[in-house]
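Single-letter residue listing:
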Amino acid sequence: MTEQSLILDTGPFRVTVRSFDRTFLDTVRFFYHDGICTDPDPLVDFDIRLVRRQGARRWVRPQVQFEIDGVRPFEPQPLENAYPVYEWGLNWCIATSAHRYLMLHAGTVAFGDDAMILSGLPGSGKSTLSAALQLRGARLLCDEFGLLVPESGRLLPMPRPIPLKNTSIEAIAAFDGSAPLGPTYPKTRKGRVRHLRPSAASVALGERAATPRWLLFPRYRAGQTADLQALDRDTALHRLALNCFNYKLLGGDAFRALCDLVDQAGCYEFVFSDLNQAVACLHGLAQGEGSHEPAE
Amino acid sequence: MNLLNEVLARPSVITHWGAREWNAFLPLARNARLLGRCRALFAAHDLADGVPQRVDDHLRGALTQTHYVQGQARRELRHVARCLAREGIQLMALKGLAYLVAGLPPSGWRNLSDIDLMVRRADIERAEQLLHTCGWVASGEHDTYDEHYYRDWMHEVPPLRHPARAVEVDVHHNLSPPVSRTQIDADKLWDAASEYTDEFGTRVFVLESADLLLHNAIHLFMNDELRGGLRDVVDFRDLYEHFDAAEAGFAERLVARATELGCGRALYYAARAAQRFAGLRTATEFDQALSRFAPSAPAAALMDRLTAAVFAPRRPGMKRDALAVQALFIRSHWIRMPPLMLIRHLAHKAFLSRRQRVAEGDLPG
């Protein structure tokens, strides 16, 4: 077995991923085939290796460990979860180091160059909603990070596979029967996970920034009709600030960037359950239909 | 010498660099916590335009994080100083915190993971009690053995942390453990120290310039946290260059002070490491004066090999280097503990304690 490597371009970050595990690398190729770096001499941000744990246990219960810069910051995980371990580890690398950006914990999509931010805690449905919007033609910026450039106030894309969790998997499969889903990982630390590959169009525009126009706080509520309510800017600013990866760390720059953001974007609360209905409602918002004027 | 050492010695090498070199440099600088230092270095040498955008984003991100942590450290210092002022206990800032308080060059880029403070030996029990009264609690879990290790053998109380804040506070009463071979008269340090008052009225002492360097040297060569190694070597260089330019006869005084305090060997090792790995340039007279503190030739050669593995690894986390790190770890204990005590301590650590890793799922939020 020899180690192989792939170099991936994903938004502003370029990642080398190395592994001995063919299955894992095939999965990476499936998800990133539109984002494999073709530069013959590329400069990379993160050099990541998935190592197979040695020792007697490898025959009984093989394990894999995430390695960055020769350091292994996490406990080993079952080998079959190598791909989720990689995706999660890359998120950790970005969240703990990319302080050049204000990192919103939000799903972000764009209609042309107008961005919609879906800010929410895990379980709010932001990944599911980002996935559904992308499957109906919106450009995926990212399902987990809003990479805001503090100086310009614009969002950078990082179109990576969307990890759908538990019942979201069936919801998206039912929403679009031809959605490009990868393997199912039945037992990860975050439950059952299956990733959705981002559209080729989203990946092709992976370096094209977008301007925040709509800031939404989605909440999945079983059985509820899609409902969009204007939210005052102060509340929106407060909620968004509490849901960033590095708001405190950027201090005044973060505060000013979010003030500008809530000034230029319409702020809403959004309750939904049925995905078709939710997507239709948000398309309406993006096309300026109805009386969804931002609150003053 | 790795590429990070080369940059520190001669920053203009980057003008000849391609992707391959930057790819080797980034993990080294990230691991040594010197990304921010390198950004300042490139700027000072007018080389900022030669740094690729992708690399500069990392340098800049690291500096942002550093400035935040520095703010946290300053705030924690104000809280501690206010608490101890109730009983008029005098407080000294050490290491990274001292550079911040005194506005010395490393404050522009230096990261901190905790704050180090010193009080007089006679005040340390009272200081610890007061801090407990003001809400600080033991940081992390210490068993009775750890308590005993800190209190009876080391020169500090077990680390403290205020539950409302994230900064760990280490309170010392000397620069070296009472059981070690290097014994420093802390009164001499206090006598020479200067007091600083900030805009909030926080009053805190900082060691005088030569003592700051000697503390860096003692810490570096008695410290078991070897991962922070090269950063401290760079501090030595930055402080040395600063004081050497600012004070006439500084180098001479440094050697004399090392002799007076009995820590010449540590100064020798630190200066040598800064010359070899962090690009420090010193006058021949200083090197000659320093040579009187040198160990025997075989010991010096062995130490050169060990330090190279730690301060100039080819890649971070290399297995081959682990042995050298282990050897330095044992050495650092060897010089600060009598042999029997050391054997007991290492046996205890080997069998009873385990290192903790970051738990997966703890994304910083």
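All residue numbers refer to position in the chain's written sequence, counted from 1. Written order decides the labels, with chains lettered from A and ligands numbered from 1. The predicted nature of this model means local features are confined to residues of pLDDT at least 70 and side-chain atom pairs, given and counted, to a pLDDT of 80 or more, with totals for whole chains, interfaces and linings taken over all residues.

A. Inspection of the overall build of chain A at higher detail. When you go through chain A residue by residue, the secondary structure sums to 10 helices and 16 strands. Computed over its C-alpha atoms, the radius of gyration of chain A comes to 19 Å, within 12% of the 19 Å expected for a compact globule of 296 residues. Seen along its three principal axes, the alpha-carbon backbone of chain A occupies a region of about 65 × 40 × 30 Å. The burial tally for chain A puts 47% of its 296 residues in the buried class. A separation threshold of at least 6 residues defines the contact pool for chain A, and within that pool the share at least 24 residues apart is 69%. Only DSSP runs of H or I covering at least 4 residues are called helices, and only runs of E covering at least 2 are called strands; the numbering of each starts at the N terminus. The quantity called the radius of gyration is restricted to C-alpha atoms. Its globule counterpart is 2.2 Å times the number of residues to the power 0.38. Put plainly, a residue is buried at 20 or more neighbouring C-beta atoms within 10 Å of its own, exposed at 12 or fewer, and partly exposed in between, counting only other residues' C-beta atoms, which are placed from the backbone. Contacts are defined on C-beta atoms placed from the backbone: any two residues whose C-beta positions lie within 7 Å are in contact.

B. View of helix H6 (residues 124–133) of chain B. Residue and element names in this part refer to chain B. Taken residue by residue, H6 has Ile124, Ala127 and Leu131 as its buried positions. Each buried residue of H6 lies within a common arc of 60 degrees when the element is viewed along its axis, so the set occupies one face. Exposed positions of H6 whose direction lies more than 90 degrees from the buried face are Gln129 and Thr133. Check the buried side of H6 and you find it contacts helix H4 (53–85), strand S4 (160–161) and strand S5 (168–172). Following H6 by one or two positions, Gly135 adopts a phi angle in the positive range, close to 110 degrees. Taking the helix axis as origin, the arc is that swept by the directions to the C-beta atoms.

C. Examining the interface of chain B and chain A more closely. Each side of the interface is counted separately: chain B has 27 residues, and chain A has 27 residues. Looking at the side of chain B that touches chain A element by element, the count peaks at eight residues for H4 of chain B. For the side of chain B that touches chain A, the per-class residue count stands at 10 nonpolar, 10 polar and seven charged. Under this grouping Gly is polar, as are all residues other than the nonpolar Ala, Val, Leu, Ile, Met, Phe, Trp, Tyr, Cys and Pro and the charged Asp, Glu, Lys and Arg.

D. Representation of the environment of Ala286 of chain A. Residue and element names in this part refer to chain A. Its place among the elements puts Ala286 in helix H10 (residues 275–286). Since 18 C-beta atoms lie within 10 Å of it, Ala286 is described here as partly exposed. Placed 137 residues apart in sequence, Ala286 and Val149 show a C-alpha to C-alpha distance of 22 Å. Here Ala286 is in contact with Phe111 and Met116, once residues within four sequence places are set aside.

E. Just H10 of chain A, in detail. Residues and elements named next belong to chain A. Along its 12 residues, H10 runs 16 Å from first to last C-alpha, staying within 8% of the 16 Å computed at 1.5 Å per residue. For H10, every residue scored as buried is listed here: Leu275, Ala278, Val279, Cys281, Leu282 and Leu285. Buried residues of H10, viewed axially, fall in a sector of 160 degrees; they line one side. Once H10 finishes, Gly288 follows within two positions and takes phi at roughly 75 degrees, a positive value. Working rule for helices: expected span equals 1.5 Å times residues minus one.

F. Quick look at unusual backbone geometry. With a phi close to 50 degrees, Asn166 of chain A is a non-glycine residue in the positive phi region. Residue placement: Asn166 of chain A occurs in the loop between strand S11 (162–165) and helix H5 (167–175). Of note in the backbone geometry, Lys95 of chain B takes a positive phi value of approximately 50 degrees without being a glycine.

G. Fine view of the sheet that holds S5 of chain B. All names here are of chain B. The strand order across the open sheet built from seven strands is S3-S4-S5-S2-S1-S7-S6, with neighbouring strands paired in mixed fashion. Each edge of the sheet is formed by a strand with only one pairing partner; in this case those strands are strand S3 (137–138) and strand S6 (194–197). Only when DSSP finds a minimum of two bridges between them are two strands counted as paired. In this structure, S4 lies alongside S5, joined through two bridges in antiparallel fashion. Note on S5: the bridge partner recorded for Leu160 is Val169.

H. The arrangement of the packing of H4 of chain B against H6 of chain B in detail. All names here are of chain B. Between the N-to-C directions of two axes lies an angle of 0 to 180 degrees, each axis being a line fitted to C-alpha atoms and, for a helix, fitted only over the stretch in contact. In contact at an axis separation of 9 Å, H4 and H6 are set at 110 degrees when each is read in the N-to-C sense. Classed by the angle they form, the pair H4 and H6 counts as roughly perpendicular. Crossing handedness for the pair H4 and H6: right-handed. Counted together, Val80, Cys83 and Leu84 of H4 and Ala127, Leu130 and Leu131 of H6 form the full contact between these two elements. Residue composition of the contact of H4 with H6, by class: six nonpolar, no polar and no charged. Throughout this description, any angle smaller than 35 degrees is read as roughly parallel, any larger than 145 degrees as roughly antiparallel, any in the 65 to 115 degree range as roughly perpendicular, and the remainder as oblique. When the near helix sits turned anticlockwise from the far one by under a right angle, the crossing is termed left-handed; a clockwise turn instead gives a right-handed crossing.

I. Summary view of the pairing of strand S4 (residues 63–68) of chain A. Bridge analysis of strand S3 (residues 46–52) of chain A against S4 of chain A gives five bridges, and the strand direction is antiparallel. If you follow Arg49 of chain A over to S4 of chain A, its bridge partner there is Glu67 of chain A.

J. Seen up close, the domain arrangement of chain A. All names here are of chain A. Each domain's extent is set by a domain assignment, obtained either automatically or from a database. You can read the domains of chain A as domain 1 (4–97) and domain 2 (102–286). For domain 1 and domain 2, the distance between their C-alpha centroids amounts to 25 Å. Every element with two or more residues in the side of domain 1 that touches domain 2 is listed here: strand S1 (4–10), helix H1 (22–32) and helix H3 (82–97). Among the elements that line the side of domain 1 that touches domain 2, the one with the most residues is H3, at five residues. For the side of domain 1 that touches domain 2, the per-class residue count stands at seven nonpolar, six polar and three charged.

K. Quick look at the pairing of strand S16 (residues 266–272) of chain A. All names here are of chain A. Burial within S16 is extensive, with five of its seven residues counted as buried. Pairing analysis gives four bridges linking strand S15 (residues 227–230) to S16, with the strands arranged antiparallel. By the bridge assignment for S16, Leu228 is matched with Phe270.

L. Summary view of the sheet that holds strand S12 (residues 181–188) of chain A. All names here are of chain A. Judged by pairing direction, the sheet is antiparallel, and its three strands sit side by side in the order S11-S13-S12 without closing on themselves. Whereas interior strands pair on both sides, the edge strands pair on one side only; in this sheet they are S11 and S12. Strand-to-strand, the axes of this sheet are offset by a mean angle of 25 degrees, without reference to chain direction. Pairing analysis gives four bridges linking S12 to strand S13 (residues 191–196), with the strands arranged antiparallel.

M. Spatial organisation of the environment of Leu237 of chain A. All names here are of chain A. Its place among the elements puts Leu237 in helix H7 (residues 233–242). Along the primary structure Leu237 and Leu261 are separated by 24 residues, whereas in three dimensions their C-alpha atoms are 8.4 Å apart. Those residues in contact with Leu237, other than ones at most four positions away along the chain, are Leu258, Cys259 and Val262.

N. Spotlight on the nonpolar core. To form a nonpolar core, buried Ala, Val, Leu, Ile, Met, Phe, Trp, Tyr and Cys residues must be joined through C-beta atoms within 7 Å. Counting 95 residues, the largest nonpolar core has Met92, Leu117, Ala217 and Ala270 of chain B as the members making the most contacts within it. With 10 residues, the top contributor of residues to this core is H4 of chain B. Dropping the residues within four chain positions of it, Met92 of chain B is found in contact with Leu117, Met118, Ala193, Val204, Phe205, Val206 and Leu207 of chain B. In terms of nonpolar packing, the next biggest core, distinct from the first, is built from 87 residues, Tyr101, Leu148, Ala278 and Cys281 of chain A among them.

O. Layout of the packing of helix H4 (residues 126–135) of chain A against H10 of chain A. All names here are of chain A. In contact at an axis separation of 10 Å, H4 and H10 are set at 70 degrees when each is read in the N-to-C sense. Judged on the interaxial angle alone, H10 and H4 are roughly perpendicular. Crossing handedness for the pair H4 and H10: right-handed. Contacts from Leu129, Ala132 and Leu133 of H4 reach H10 at Leu275, Ala278, Val279 and Leu282.

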